[in-house]
Amino acid sequence: MSILLKEINDVFEGRRGEKRVYLSLPRPGKHNSNLKMVKAVKLDAEEQAKMAKLGLELRLHTSDVDAETERWEDQDSEILRQAQSMSSMAYSMYLFTRGEGLLKTTQDLFHQAEIFAEEGLRFFSTVHAFSNQLQEEEKTNLLLEADKLPALCHQQQMTSRTPVHGKAAIFTKVDTSIQETKNVMTVLMKMLSLCYNLLKKYKMDRTFMSSPHGWRRNQLQTVTNGESSEGKNGDTFGVKSLERHMANLTFLESK
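Calculation rules
- Residues numbered from 1 in each chain as written.
- Predicted model: local features only at pLDDT ≥ 70, side-chain atom pairs only at ≥ 80, totals over all residues.
- Heavy atoms only, no water.
- Helix = DSSP H or I, 4+ residues; strand = E, 2+ residues; numbered from the N terminus.
- Buried < 20%, exposed > 50% of the residue type's maximum accessible area, 1.4 Å probe, protein only.
- Contact = heavy atoms within 4.5 Å.
- Salt bridge = Lys/Arg side-chain N within 4 Å of Asp/Glu carboxyl O.

Draft legend 1. Quick look at the overall build of the protein chain. Scanning the protein chain for helices and strands turns up nine helices and two strands. For the protein chain, the α and β elements follow one another from N to C terminus as α-β-β-α-α-α-α-α-α-α-α. Within the protein chain, buried positions represent 37% of all 255 residues. Partitioning the contacts of the protein chain with sequence separation of at least 6, the portion at a separation of at least 24 is 74%.

Here you go:
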């Protein structure tokens, strides 16, 4: 958090503004050329401020997801691994807004956004499979949030694949890509939290039922159900006791 606060302070004090240089899309036929041959496009002050704000907002989303993943005990969970992968990709996109990291051109950014969206669809499939193990009400609540994800991911894929030309159009596409990544991360965070709570609940239930107290309660419930079943046949506990008592009396009187 201290690092994040420092980054926010840097932006507001303008200490990093002059270092941000964003590269345009490579020209047609030049995709395999050396990176140094790509002409850099420098943003004006207003564009830099907007990009910095977007980047910091995305950074907050990745921080929230990272904090959520740290709560998970099962670090081998497929849900967790995919969420961590998406958070890592979103973080690399945040670094791009600072002119840092492995994404050097806007083409790199758009390609990363497309892969991010694909991973989001895989994450949805994993969560959907997990929901099939839940009770109906819990499944409904989880899918109510999860079903928002495919549309967001498909939209991000379309944005990433749509060709644009010119500085203004490229900047708009970068802006849209970051915004869409934020939207996906918002849903991801909610889904991750829901899955964590459900897994924790089921783990507690299993632990409870395997304990002596839980076993006794389960046996009591079984007995209660058995008595209820007998009651449906007219043999309630009170009636059967009375019948046994009367049978004993009859036996004694017959002597």
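Draft legend 2. The arrangement of the pattern of salt bridges in detail. The final tally for this structure, using the stated rule, is eleven salt bridges. One salt bridge connects Arg71 with Glu68, and the closest N-O pair in it is separated by 2.6 Å. Classification of Arg71 by relative accessible area gives partly exposed; the value is 38%.

Draft legend 3. Focus on the environment of Glu180. Looking at the secondary structure, you find Glu180 in helix H7 (residues 167-210). Residue Glu180 is classed as buried on the basis of its relative accessible area of 10%. Spatially, the C-alpha atoms of Glu180 and Cys153 are 8.2 Å apart, while their sequence positions differ by 27 residues.

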